[in-house]
Every structure is written in C-alpha cells, then in structure tokens.
Amino acid sequence: MDRFFFRILYPLLFIFIFSCEENPIIVENKNLPLSLDTLSFNVTKTINYKVEPVFGNLDTLFFGEYEGFKFHYSLISFDTLSEDSDHSYSLYKDSLIVDSAEISLKSFSDTLISNQKFNLRYFPNFSDSVFNESEVNFKNFTNYSLSSVISSSSMMVDSSDTTVMLKFVIDAENIGKITGLSIDNFNLSFIVETSDEIEGSLKFHSSETISGYYPRMKVFYKNSENDTINFQKSFRSYDDITIIEQPAMEQSDTANIALGYAKGLKSLVYVDFDDFRLPDRGILKKAELILNNVDIDSNLTFTIDSYPIESTGDYNVFNEFNDDPYGVDFTLMTTSNTINGEVKINHRNTLREISKGSRINHGFKVESSPVNNIFKSTSFHNLNSENLFPVMRVIYAIP
C-alpha cells in the first residue's frame, strides 16, 4: 500500500516542481512596497582645458602626418636583459665580442613602400634613462645631443614570416660607441625618423602590442676577432613613444564641451546637488549626467570616461597644462558610449558618497577614452544651448 502510494506521489511531485520551474510567479513592480522618485539637478559650470597628451601607452609607433597631426620621430629603448634568459647585455659583452646588431620594427600593414627611407640615431654620452614614455611629449622633450645617422633602412619583407618591416644594421664600431665602456654612459635608446616627408601615415607595432611584433634588437657575438658569428641574443623594447605635434587649436575646441585624446582636450562639469541627501533606507538607482552631441551622427559611437575630481576646479577660463592638475578617484570611474548623439554617464556611486557627506563635490572630469580613434574629437553642448544643455537626472527608490 505504502509503496504503491509512493509510486503515485513521486511522479506527481516531480511534475509539480517542474511546472513551477517552467512557470515562475511574476511579481510586477506596482505590487512592491517601493516608490520611485526622479530629480533633475542643474549643471551650473563647465569648462574645457588642455593637457599635453602622452602617447607612450599606445600599441602603435607613427610616422608621417594624419589629420593635421605631425609625427616627428619615435623613441625606442631596449631592455638590457635578453628575451630568453636573465642574462644582461653587459654580461655577454664582457665575455664575448660584439660583431654587429639589428633593430627591427614590424609594420601594421602588409603594403610595401620600398622608396621610403628611415634613419637611426642614438644618444651619445647619456645614461640609459634618456626618456620616460609616461611623461615625454612634444613640448618637454629635447633631442639632447643626437649622433649622426648610424644606419638607414627601407621597408622590406621579413623572409621568416612575410611581414613588412624595417631593419637597421649596426656595425661593431657603432655598437661599441652606443654601449660605451662603463655603466655611466651605457644606453640602448634610439631615435627612428624618416629621411623625408611621408604622404599620409605609416604605423608600426610598439612595445605595448599584443601581437608579439614589438621592436626587437638582435645582437650577434663571436668568441674572437678572427672567429665567425656563432652566438646571438634578442632584446625587446620596453619603452617607446612617438613624438607628436598637434594641430593648432580651433574655435570649436573651446566653445563647447570638447573632448579629444590626441589633442589633449578634457572638460570639467559641475553639478549643483543643492545639499541633496538620500532619504533613510533610500536606494539610489541612477545618477546620469546627460550630454548631447553638437554634431549628431547616429552611426558614430564615442566612448567617454568620467570621474569625480579631488580638488577645486578652475571653471573660469580655458587653461593649458603640461600635466593634468586634476587628480581623480579611479575607483569611481564610469564609462559610457554615445547613443544617437547622446551620452548618459551614471555617477550613482559618487552621488551616494556625496549624499552621505563622505565626499566633497568638486565636479566631474570628462574625457575621451583611449579606446576611441585617438585622433578623433567630439563636442557636446554646454550651458549656452537653449534645449540641449547638460543636466543630471537622478532616480531613487524609497519604501
């Protein structure tokens, strides 16, 4: 009897559970004991400013000219440890004779432009810290005392993998001059430049590339002066950057909320929260800073990064700086994309801190994300717009 009852009950129980999985109970928002409230806060101040951009974190070395940007030359420093061991260049140099070296750069394109000539120079009598890729730019870098041209190259096809490359051959005499006799004048830093102007632009992989095609220096050794080459080691680049001259500023760069990575254009936006405090047990859903493009192009997506600034901003005049003076809290960074000419930047976490009194409201920094085409700029309406001025919309829920 009990066994028969169990055989009947078990399938019914299974069907019941399965039915509950397939048909969950739907609870509509109107039945929840919460209400939503929406507030609009005025943006009362905006200002653009310009910072000299640094291009050392890019995966590309540029040559030529593009949309008004001039690429003067690229700086490259090589690691002193070989790629496949922890042995230093100096160790090999002290125990073997350096015969020659090759420096190679790999092109992004498979197009061979064989009539374009490139030159290689180095920095005589300077230590290894010739430049810092995180700090150097067109205005603050001087060429120091450059050497004469020690090698030239045209674009060629690498026989090992059919990629297009530059290859500079450095003879033993120049290698000896570059590395010097002591650590005081040892450096593996070079300048690569074009011998004449390029129509358009050419791009090569930098040390930040994920392809494995970073600049590389091969050094060839031998045991004695009369010996043939019997040993080689490769050293990869660890610092490299293109020195870029920007085009002249335009009226549109200061008239609106203008953003551009390569131009170094950023903006500050101040929202007046009027001592806003989130109600007890209130849940902040959104705090969206809404900006509208000046030139609306529904097919163009632009990515914006924004953060609260940590100090008082100068909202009175357009300024130019060598270094960005406005520190930010990167943990409160938010990233948004333009959609149909509008971007909504959700600063919910920042407003939550401001509403609790744990953060002072100095405003927000708005800038172009490096994931965009770095040479493209965009503009958003500022407070002078009649209908499309910036605003912050806040939505919160309360019991």
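Whatever comes next refers back to the structure up there.
All figures in this text were calculated on a predicted structure; none of them were measured in a lab.

Visitor: Talk me through the nonpolar core; I want residue IDs and the actual numbers.
Guide: The tendency in soluble globular proteins is for nonpolar side chains to be buried side by side. If you look at the biggest cluster of nonpolar residues, it comprises 30 residues, and the most contacted ones within it are I103, F118, I170, F190 and F204. The next biggest cluster of nonpolar side chains, apart from the first, holds 24 residues, and it includes F41, V43, V271 and I354.

Visitor: Run through the packing of aromatic side chains, naming residues and quoting values.
Guide: A complete count under the given rule lists 20 aromatic pairs for this structure. Ring plane angle 50° and centroid distance 5.6 Å describe the contact between F71 and F375, whose orientation is recorded as tilted. In this pair, F71 is assigned in strand β3 (residues 69-78) and F375 in the loop between β20 (364-368) and β21 (377-380), connecting sequence segments 304 residues apart. For the pair F71 and F375, a shared accessibility class is recorded, and that class is buried. Residues F321 and Y326 carry aromatic rings whose centres are separated by 6.3 Å and whose planes lie at 85° to one another, so their mutual orientation is edge-to-face. Residue classification places F321 among the partly exposed residues on the basis of a relative accessible area of 23%.

Visitor: Describe helix α5 (residues 348-356), naming the residues involved and giving the relevant values.
Guide: Listed in full, the buried residues belonging to α5 are T350, L351, I354 and S355. On an axial view of α5, the arc spanned by its buried residues comes to 130°, and they lie on one face. Contact partners of the buried residues in α5: β15 (283-292), β16 (303-308), β20 and β22 (391-398).

Visitor: Residues and numbers for unusual backbone geometry, please.
Guide: Here the phi dihedral of E67 falls at roughly 50°; this positive angle occurs in a residue that is not glycine. Examined against the element boundaries, E67 turns out to sit in the loop between β2 (60-66) and β3. Residue E67 is classed as partly exposed on the basis of its relative accessible area of 44%. With a phi close to 50°, D274 is a non-glycine residue in the positive phi region. Here D274 shows up in the loop between β14 (265-271) and β15.

Visitor: How would you sum up the environment of T335? Please name residues and give values.
Guide: Considering the arrangement of structural elements, one finds T335 in strand β18 (residues 334-337). Ignoring any residue separated from it by four or fewer positions in sequence, one finds T335 in contact with T303, I304 and D305.

Visitor: Provide a residue-level description of the pairing of strand β11 (residues 216-222), including the pertinent values.
Guide: The buried fraction of β11 amounts to five of the seven residues, a majority that puts the element mostly inside the structure. Where strand β4 (residues 97-106) meets β11, seven bridges bridge the pair, whose relative direction is antiparallel. Its bridge partner being in β11, S100 is matched across the sheet by F220. The pairing of β11 with strand β12 (residues 231-245) spans six bridges and is antiparallel. Paired with K218 across the strands is S234, a residue of β12.

Visitor: Can you lay out the side chain of T338 for me, pointing to particular residues and giving the numbers?
Guide: Tracing the backbone through its elements, the reader meets T338 in the loop between β18 and β19 (342-346). In this structure the side chain of T338 is engaged in a polar contact, spanning 2.8 Å, whose partner is the backbone nitrogen of F302. Sequence-distant contacts of T338, defined by excluding residues within four places in its chain, comprise N293, L300, T301, F302, V343 and F380.

Visitor: Explain the pattern of salt bridges to me, using residue names and the numbers behind them.
Guide: Side chains that differ in charge, positive against negative, can pair when their charged atoms come close. Enumeration over the complete set of coordinates arrives at 15 salt bridges. Where D99 meets K222, a salt bridge forms, and the shortest distance between an N and an O atom there is 3.3 Å. In this pair, D99 is assigned in strand β4 and K222 in strand β11, connecting sequence segments 123 residues apart. Note on K222: relative accessible area 11%, which makes it buried. Taken together, the shared-partner salt bridges connect K266, D324, K365 and E367 into one network.

Calculation criteria
- Residues numbered from 1 in each chain as written.
- Predicted model: local features only at pLDDT ≥ 70, side-chain atom pairs only at ≥ 80, totals over all residues.
- Heavy atoms only, no water.
- Core = buried A, V, L, I, M, F, W, Y, C linked by side-chain atoms within 4.5 Å.
- Buried < 20%, exposed > 50% of the residue type's maximum accessible area, 1.4 Å probe, protein only.
- Phe/Tyr/Trp six-rings, centres within 6.5 Å; stacked < 30°, edge-to-face > 60°.
- Helix = DSSP H or I, 4+ residues; strand = E, 2+ residues; numbered from the N terminus.
- Arc of directions from axis to C-beta.
- Contact = heavy atoms within 4.5 Å.
- Pairing = 2+ DSSP bridges.
- Polar contact = N/O pair within 3.5 Å; in protein donor to acceptor, adjacent residues only side chain to side chain.
- Salt bridge = Lys/Arg side-chain N within 4 Å of Asp/Glu carboxyl O.

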